[in-house]
Amino acid sequence: MPEMPRPRQQLRSPLTMSDQLQHECGLAMVRLRRPLEHYRDVHDDLGWGLRKLYLLMEKQHNRGQDGAGMAVVKFDMPPGETFIDRVRTAKRNPAERLYDDALEEFLELGEKSARALDALALKRRIPFLGEAYLGHLRYGTFGGRTADACHPFLRRNTVASRNLALAGNFNMTNAAELFDRLVQYGLHPVGESDTQVVLERLGYSLDREHERLHAVMGPESFRQLDGRPLAEAISRELSIPRILSKASADWDGGYTLGGLLGNGDFFVCRDPAGIRPCFWHLDDDAVAVASERAALVTVFDVPPESIRELEPGHVLAVRRDGELTVERFAEPLPTRRCTFERIYFSRGNDRDIHRERTALGASLAPRVLEAIETRGGSLDRAVFAFIPNTAEIAYAGLTEGVERLARERAAATLRKRMAAGTATSADVDALARVAVRREKAAHKDQRLRTFITHDAARRDLVSHVYDITPGTVGPEDALVVVDDSIVRGTTLRESIITMLARLEPARIIVVSSAPPIAYPDCYGIDMSQLGRFIAFEAAVALLHESGRAALLEEVEARCRAQAHLPAARMVNHVRAIYEPFPLHCLERKVAELVRSRHLRWTGGIEIIYQSVEGLRAAMPEHAGDWYFTGDYPTPGGFAVLNTAYLKWRASDDGRAYGRK
């Protein structure tokens, strides 16, 4: 969701792949399939649906700590009574705060009185007791830091079926064009975020669907309905797939959107390329939706195989009467599931993500072992660690892979000597001693706010977010540190290397489980400023050093020449900047760039990146690698890249997409 950076940055883990990168939001939805009395009588829990929503949000708290919100729709409320409620907060521990506030009325009621009251009386009294729930966890990338910026957004109307609560995990690359289109429709949209634009666009299509049905059923038609009977008939006949198909005709972006209509209709849809994730679960009690499969597996205690993935370009809709459909609403595109979801964003307790991260680490084992043994080094003089915690699974794959390779090599040597009759007990002992030294070289100490603006003071704060463990690394050791990815390099330069250098190793080898991030993202991750990427900085530096800096002007001219073209006709001209340099050249230059000029330690620094081929082998079903390859899944991605490069050339640090 596009939001603005905090004026005072708070250090999360300074060692994460993100370098303060903002990323994916989390979606959670629950739609009850039984009357409320069923949950009271069978589960002894009148708030069963609300509790499931809360658990789904908490199991995805990694996806949003900047705020949260939830909405509920209550079925069959009489005129004069509230049928839709919403609450949002931008305070700390937002999901917990929402849940505590919603439970206040339950706690006051008491179990005995709750059993004595009928469902309608309970729904009148308890604001968040209902049948359809929508929850959202916000990781802001652009905009304000207040509750008003949190989802769900709400479009109100006195006609129940024209009310819309909307939340999602998405970015639209063409939000500016969509806003202008609303103005052309004669609307006066308030707010310029893509969330507001999408809400108004869906609302507009919802209104047109009401008008179409009114023409078919109303007083001038053969149906001759009027008044409340007409409103109820229209509500029953609304087609969510039709509304979405009309509304999304010119959307360009990655999205998973969840919505509730005031009449009780419930839906979730996914972009045609499948960029953003969406999973759902169905049982006798509920339909539930989440951004991560593992959350549904845990909350509903079911095997992973029972969780379904919503297909790209499809909408899961549940009518008020309980009819469930899954229909296509948009023309398909080649499926490009986001690989960053697997590398970093999603929690690692998903079975397949765990396997993929392990494979990412294992694929790097040959290169890491080779790097350790250069310049006279050896495996027994190497120490392996990981930073941050999300890199632990890749770290396990790497260390197991290195150990396996070393054992295989030692075993091959032993077999040769046995065949030659020269094997000794020392050779057997050498094989038995092959092992990787694993150490917790660094520990997270606390979260610090870098509100002190003086550079030296800020560097001091940043370098103390983690504590080292003295004695784990010797002066002759190579310290191998696994990270998820390296984006901007500032965290490596100002924090990680500075901190680890206090251990006084002979050298530090930083291993990235992801390839170098070379291109902007515009589908849910705030990575639109090309000049901030350490890989781009390295490529530019190499062009200057090799006397080819004129290429930068040539690329600028090509980008300007296509800037006026429709996005569908744009191509990636920035690729020419990277083409002269193989991966090992970028690695060497990045290693130079991440050495702080304030660093007193004189040991060597090396960078080892994952290759694109290694990434694809580890997760063959996830082809969303545009931030590594520049191969965007929608035309809007190429337009964003083009703008990002021209902004860099103009020393404009603004975002390359969204309304200005």
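Residues numbered from 1 in each chain as written. Predicted model: local features only at pLDDT ≥ 70, side-chain atom pairs only at ≥ 80, totals over all residues. Heavy atoms only, no water.

Description of the side chain of Lys74
Following the sequence through the fold, Lys74 ends up in the loop between strand S2 (67-73) and strand S3 (84-89). Here Pro127 takes part through its backbone oxygen, which lies 3.1 Å from a polar atom of the side chain of Lys74. Ignoring sequence-local partners within four residues, the contact set of Lys74 consists of Thr82, Phe83, Asp85, Lys123, Ile126, Pro127, Leu129, Gly130 and Glu131. (Helix = DSSP H or I, 4+ residues; strand = E, 2+ residues; numbered from the N terminus. Polar contact = N/O pair within 3.5 Å; in protein donor to acceptor, adjacent residues only side chain to side chain. Contact = heavy atoms within 4.5 Å.)

Some points on the nonpolar core
Formed by 81 residues in total, the largest nonpolar core has its most connected members in Phe340 and Val574. At 7 residues, helix H18 (residues 534-545) tops the list of elements feeding residues into this core. Those residues in contact with Val574 that lie beyond four places of it in its chain are Tyr519, Leu530, Phe536, Val555, Leu641 and Tyr645. Judged by nonpolar contacts, the second largest core, of 39 residues, contains Leu36, Phe106, Ala119 and Ala288. (Core = buried A, V, L, I, M, F, W, Y, C linked by side-chain atoms within 4.5 Å. Buried < 20%, exposed > 50% of the residue type's maximum accessible area, 1.4 Å probe, protein only.)

A short note on the confidence of the model for the protein
Taken as a whole, the protein shows an average pLDDT of 88; of its residues, 90% reach a score of 70 or greater. Overall, residues 1-22 carries pLDDT values under 50, and its contacts beyond four positions in sequence, including any with other chains, amount to 107 contacts. Here residues 448-455 scores under 50 on pLDDT; set against residues more than four positions off or in separate chains, the count is 18 contacts. (pLDDT = per-residue confidence, 0-100.)

Some details on the sheet that holds strand S13 (residues 324-328)
Ordered in space as S5-S6-S7-S8-S12-S13, the 6 strands form an open sheet in which the pairing is antiparallel. Each edge of the open sheet carries a strand with a single partner, namely strand S5 (153-155) and S13. Looking at each pair of strands side by side, their axes are set apart by 15 degrees on average, direction ignored. With 3 bridges connecting them, S5 and strand S6 (residues 164-172) associate as antiparallel partners. Residue pairing across strands places Phe153 opposite Leu166, the latter belonging to S6. (Pairing = 2+ DSSP bridges. Axes fitted to C-alpha atoms, helices over the stretch in contact; angles between N-to-C directions.)

Thoughts on the pairing of strand S14 (residues 382-386)
Here S14 lies mainly inside the structure; 5 of its 5 residues are buried. Of the two faces of S14, the one carrying Ala382, Phe384 and Phe386 and the one carrying Val383 and Ala385 are both buried. Both S14 and strand S18 (residues 478-483) contribute to a ladder of 5 bridges, which runs parallel. Across the sheet, the residue bridging to Phe384 is Val480, located in S18. Looking at chain direction, S14 and strand S15 (residues 437-438) are connected through 2 bridges and run parallel. Residue pairing across strands places Phe384 opposite Arg438, the latter belonging to S15.

Describing the packing of aromatic side chains
Any pair of aromatic rings gets described here by the distance separating the centres and the angle formed by the planes. Scanning the entire structure with this criterion turns up 19 aromatic pairs. The lysine or arginine in question, Lys52, covers the ring of Phe300, its NZ or CZ lying 5.2 Å from the ring centre. Stacked on the ring of Tyr204, the Lys or Arg Arg208 has its end atom at 4.5 Å from the ring centre. (Phe/Tyr/Trp six-rings, centres within 6.5 Å; stacked < 30°, edge-to-face > 60°. Lys NZ or Arg CZ within 6 Å of the ring centre and 35° of its normal.)

With respect to the pairing of strand S1 (residues 26-32)
The element S1 is largely enclosed, with a buried count of 7 among its 7 residues. Here S1 shows a buried face lined by Gly26, Ala28, Val30 and Leu32 and a second buried face lined by Leu27, Met29 and Arg31. Of the strand pairs in this sheet, S1 and strand S4 (residues 132-138) are connected by 6 bridges, and their pairing is antiparallel. Note that in S4 the partner of Gly26 across the bridge is Leu137. Alignment of S1 against strand S10 (residues 286-290), held across 5 bridges, turns out to be antiparallel. The residue bridging Arg31 from the neighbouring strand is Val287, located in S10.

Quick notes on the environment of Arg34
Turning to its location among the elements, Arg34 is positioned in the loop between S1 and helix H1 (36-42). A polar contact of 3.4 Å, which involves the side chain of Arg34, links it to the side chain of His38.

Concerning the sheet that holds S4
Taken together, 7 strands build an open sheet; the order of strands is S3-S2-S4-S1-S10-S9-S11 and the sheet is antiparallel. Two strands lie at the open edges of the sheet, namely S3 and strand S11 (308-309), each paired on one side alone. Inspection of the sheet shows strand S9 (residues 279-282) paired to S10 by 4 bridges, in the antiparallel sense. Bridge pairing links Leu282 to Val287 in S10.

Points about the pattern of salt bridges
Going through the model one piece at a time under the given rule, you end up with 46 salt bridges. For Glu209, the salt bridge goes to Arg212, with nearest N and O atoms at 3.0 Å. Taken as a pair, Glu209 and Arg212 lie in helix H7 (residues 194-217) at a separation of 3 residues, close to a single helical turn. With relative accessibility at 4%, the residue Glu209 sits in the buried group. Arg212 sits in the partly exposed class, given a relative accessible area of 33%. (Salt bridge = Lys/Arg side-chain N within 4 Å of Asp/Glu carboxyl O.)

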